[in-house]
Structure formats: C-alpha cells, structure tokens
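So the chains spell out like this:
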Amino acid sequence: MSLPVRFLCLCFFALLLEAARASEPQTASEPQTASDPQAAPQSQSASEPQSAVESSADTAVDVRKIDSYKIDISGPSDVVDLLKPYLDVYKWRSQKGLQVDELQAAVDRAPQDATGLLNTEGYFKPDVQARMQAEGDSYHVYVTVEPGPQVEVRKVDLRLTGPINDDPAYRDALLARLARKPPLDKGDIFTQSDWDLYKRTTLNAVLVRRYAGARITQSEALISEDKQYADLTLVIDSGPFYHYGYVKINGMQRYPEKIVRDQVHLAEGGEYRRFEILNLQTDLQEMPQVAAAVVDAQLDNAPPYNAPIDITVQEAPLQKLGLAAGYSTNTRYRGQIDYRYNNIADRGWVWNTKAVYEGLEQSLSTDLTFPKQPDGYSHKVYFSGDHSIVQGLSTTSYKGGVSRSVSDRNIDRTLTLEYLVERRDSGDGNIDRPHSLTLNYQWIRRDLDNQRDPHKGTIWQVEGGGASGQILSTQTFVRLYSKGALYWPVGEEGIFLGRLEGGQTFARTAAEVPTDWLFRAGGAGSVRGYDYQSLGVKADDGTVNPGRVLATSSVEYQHPVYKAWRGAVFADYGDAADTWQTWEGHTGVGVGARWISPVGSIGADIAYGVTERQWRFHFAMGLAF
C-alpha cells in the first residue's frame, strides 16, 4: 500500500475514534463552589441547598417558584414610606409563582431604583444596600437605606424675556406676585415635584393673561459637587402680546346662532385672558340648548398677533320628555312627568312644565326661563299649583312670580317676587285663606371637596323675605331662615356631618300667613324618629299646623364598611312651634346605611323618637340641601 493511501486511512480511523468519544454519556461533575474561579455567578448563597437548574453554555437560571417571601426595609420612616409603593422587591412580596431568579434580579436593581427615587426628594448621596437570604423553602430580603443629607436650594434665578419687558410695570407686578409664596424658594429642600410645580406655576402665571404663547426656553437644576446645594435657573420667553380676534361659532343648526353669540363677551381687540375663555366655555355648557361646547383660542404667528376665538357646539335636542318614579318615607310613592322645549319664539327661551304626584303632595308647575344676560343674571317667570294633606292639614295653593338669579363660582343668589293665594283646612271647621305678595332673597354657598360625595367642607343657606299688609297681602310679616351643614374627615376614613337649621317668622298671628312662610319639622333631613312634618303646633284633634319658629340640629358619623357602602350613627334634636316659649326639643337617635351611588348619596335609617317612644324608618337621597 502506498504511503499516501496509508496516510488517508490513518486520518479516517482517527476521525471515527473522535466521533465515538463524543457520543459517550458524560459523567456528573462536582458542583461548583463559590471559591471556584471558573464558577458561574450564583443567585443563591453558599449555604443554600442545591436545586434543579437549566444549563446553557454561559448562564444558569433558577426556575424554582415561591409564593411569598419576607422583606425588611430599614431606614427613616418617611424614606421607607416613599420607597415601598415603587420598589418591585416590596410590591412582589405576596406574588404567587415568582421565580427565584426574578426575585434576585429585583434585589439586584433595588439600590439603583431606590437611589433614583431618593434623588427626586433631594437625597443625592444615599447609601442603599439590598441582599437576599435563604430561609428554608423561602427567602428573606433585607434593604437598608441611609438617605444622607437633603439638598438645599441655594439660588433661584427666574428671568422673563421677550415683549413682556416692554411693559416694566406689568412685568414687575407679575414677578412680585410670583415671589409672594413660590412653591420653591431659597433655603427650601429641593425636590423634583416642587421644582416641576414651580416651573408649571410660573409658566401658567405668564400664560393666563396677554402672553398666550409663553414658553420655557431654559430650565436647569445644578447640584453642587458636594451634593448639598442646588442652583435653579428658569428662563421664560413671554412671546407676543395677544388680543382677541373675531369669534367663529360652529355647529349651530337647530338653534339660532344668536343665543350663543349673546353669551360671548370677548371684545375683539381686547386683552387676552384665559379665565374669560374658560368661563365662557362653562357658561355655554350650562345652556339647556347645548350638549357640549369647546372654546379655543387660535394664536396668530405674525403681527398684529390676534387670537381668534373658535367655538364648537354640540346641540342638545329641541324637546325633552322625562318620566320618573320613586318612593320616599316623607311623601311616600312618587310619579313625575316633565316636558321641556328649548327654543320658544326662536329666541332660545326655555319652557318647562312638570307634574308631580306623591302620596301626600301633588303639584303642577310651568315656567319660562330667559337666556343669561351679559351681567351674568338669569330671569324666570313661573306659575304653579300645589295640594297636600300632611298630618291632618289640607292645603291648596296657587302662586306665580318672577325671579332673578346669578351664580358666581360656589355662590348662588336669587331674588324672587311672588304672589300666592292659599286655602288651608285643619279639619276643625276653621278654614284660613291667606294670600301674600312677597319679596325674598336667597343666598347659598357651597364649599365642598366633592359635590357627589363630600368629605370636607360646608354648605350654608340664608334667606330673608316678607310681605306688607298694605300690598295684596292679608298680613305684614318678615321671615328669616338659615341652614348649614359641615362635613369633616375623622381619621383616615371616617366622616363627621353636622347640621344646624333655624328660622322665625315675625307676624301678629300665624293664621294669616301662608304655609310656605311658616315652619314644621320631622322626617328625613330634619328630626329623624318622627313622621314627616309631625313637629309643629298640634291641635286637639291631632292636626299639626305650621308655627312661627323653628330650630333643628343633627350630628352624624359615617364609616366605610364595604366598597361604596358606609355605616352611620346619628342623633337629631329640634322642634317647630308657634313661639319660642312653646318650643320643645325632640330627640331622635339611630343607625343607618349610606350607598355612594353615581348620582349621590342614598341613605336608609332606623331611628328611635325618644319623646314619642317610637321607631321610624327613613329613606333619603342627596346632600343636606
């Protein structure tokens, strides 16, 4: 055999031998130890029991799963409270099916995540350590935080550039206003949230008037090398001085454009003011002819820098028919039908008609409401007829009048001139037929944190009115009335509700004063534990007549029990009488439930009337008034 052939054969046998070796099963190798310089990094400590792992050429992943683990975060309490909601290693502590390698990754990144969070609160030299230790079949995570000193603001450099400097008086007044109570000032602790608020507040102060195109051109927070001080710089370019341009109205098809244009009081060429645009949008959305409205200013980029106003309206239906049914413990079952037409005489006048039938009271009313005037006042003409039989007293009344009202933020004011005639039958053979021409003023202030579900705030109502016996009235009288409610949070979840109500009608006798101008008490919203309007001037046959004085009060505590449900305990006290000498307080105590529905609070109460030694069930909906 020649030499080349022998050489090829040797190479062929060598390849066969190498292939045979590669196909042999490998023996289990000894586990790597922490001291092995070639060992891959392990997520377990040296004392942790070995577990099954999936291997690859370069990494080892621990796929075991745990359902929970312990975690301790040590450090100042305010810092710990800051970190807990954001650190994965804390949020996942009760997560089922968490892989060990996922937990280790969260532990590894905890110092970096915590440091970023602490920076936002002014801690720029924190020391954060995190480690994980095996404990049987589970793990214990330890996080220690030394936040270090907080950074202090050493300097705040605020500069306004642009055309705002053409009016030094306006610029200086604006800067002085901004300097009164800034969100961030020299000597304050630097936090990212306060710095963001400072920038936002300052920019808005420039934007809201004249300079609608203002923008931030420089924003800088420099932290000193020793991580102890922050030097802040904010530069705002005011942009040009804007004036109102023409007003364009879109979307009006069903109603005349005039009813919207009459609400626009932005004079072309006038100084741009953002709050006027927002107020206009609110006024339009409150119109019954408007389902939705958007008011926007289009800023021109070239002289003379006008801001045309673009109004887009979504119209409401021309007519509306409503049906309702319900029940209350005061007046029992209730049925209601109402009809509204939104464009009488093609002028945007709104005609409303409503019929209400309840177990104890029935009414039919109609009114004509006129669009709001430039001064913000609205006017209404109305007529109504009412009949009721409550506590043995039968009354039938007819009235008509005009009212003038205005709303300014959280205050409503109404002035009403009304003529009323009444037939009042107490069942003892005496029938009173009082009538009156009255002038009444009503003032209501609502200052609540939430209109649907208040936890803090007040509501206050004050009224004063009367009639002269010389002008279409059976007697001269003056009526004063006031009612207030206080909502106050107790602890983290509880709510305290207090209510006071009082009134007096100054008149020679109650017999010649219409019932609307006198007082009775009792029932839901008054003194619980007693029937609706059962507190007043009692006749020998049990009929309850209205009196000339009223005073009631209530205290209540509410506490959450389940989702939107609350439990309540309360005590009411009060009475209505003909004079203060005959006024006797009546006490009612009880418990109840409150459901915070999408339309307001709905309450059901079981109350015990202490004076009459009786139990009563009450059902009510809504705020105190």
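An account of the accompanying structure is given in this report. (Residues numbered from 1 in each chain as written. Predicted model: local features only at pLDDT ≥ 70, side-chain atom pairs only at ≥ 80, totals over all residues. Heavy atoms only, no water.)

## A short note on the nonpolar core
Among the nonpolar cores identified, the biggest contains 26 residues, and Tyr 69, Val 89, Leu 103 and Val 141 are the most heavily contacted of them. Once you skip the residues sitting within four places of it in the chain, Val 89 turns out to touch Tyr 69, Ile 71, Leu 103, Ala 106, Val 107, Ala 110 and Val 141. Of all hydrophobic cores here, the second largest spans 24 residues; its members include Tyr 242, Tyr 244, Ala 307 and Ile 311. (Core = buried A, V, L, I, M, F, W, Y, C linked by side-chain atoms within 4.5 Å. Buried < 20%, exposed > 50% of the residue type's maximum accessible area, 1.4 Å probe, protein only. Contact = heavy atoms within 4.5 Å.)

## Quick notes on helix 8 (residues 274-285)
Taking 1.5 Å as the rise per residue, helix 8 with 12 residues should run 16 Å; its terminal C-alpha atoms sit 17 Å apart, in good agreement. Among the residues of helix 8, those classed as buried are Ile 277, Leu 280 and Leu 284. The arc that holds every buried residue of helix 8, seen down its axis, measures 60°, which confines them to one face. Structurally, helix 8 contributes buried residues whose contacts are with strand 11 (243-250), helix 7 (258-261), strand 12 (290-297) and strand 13 (306-315). (Helix = DSSP H or I, 4+ residues; strand = E, 2+ residues; numbered from the N terminus. Expected span 1.5 Å × (residues − 1). Arc of directions from axis to C-beta.)

## Quick word on the packing of aromatic side chains
Throughout the structure, instances matching the rule amount to 13 aromatic pairs. Aromatic pair Tyr 573 and Trp 583: ring centres 6.0 Å apart, planes at 75°, arrangement edge-to-face. Placement of Tyr 573 in strand 29 (residues 565-577) and of Trp 583 in the loop between strand 29 and strand 30 (586-597) is noted, with a sequence separation of 10 residues between them. Owing to a relative accessible area of 38%, Tyr 573 belongs among the partly exposed residues under this scheme. (Phe/Tyr/Trp six-rings, centres within 6.5 Å; stacked < 30°, edge-to-face > 60°.)

## Quick word on the sheet that holds strand 8 (residues 152-161)
Read across the open sheet, the three strands follow the order 8-10-9; overall the sheet is mixed. Only two strands of the sheet have a single partner each, and these edge strands are strand 8 and strand 9 (215-223). On average, adjacent strands in this sheet sit at an angle of 10° to one another, irrespective of strand direction. Here strand 8 pairs with strand 10 (residues 229-237) via nine bridges, running parallel. Looking across to strand 10, one finds that Asp 157 is bridged to Thr 233. Contacts from helix 6 (residues 192-207) reach strand 8, strand 9 and strand 10 within the one sheet, and its direction differs from that of strand 10 by about 25°. (Pairing = 2+ DSSP bridges. Axes fitted to C-alpha atoms, helices over the stretch in contact; angles between N-to-C directions.)

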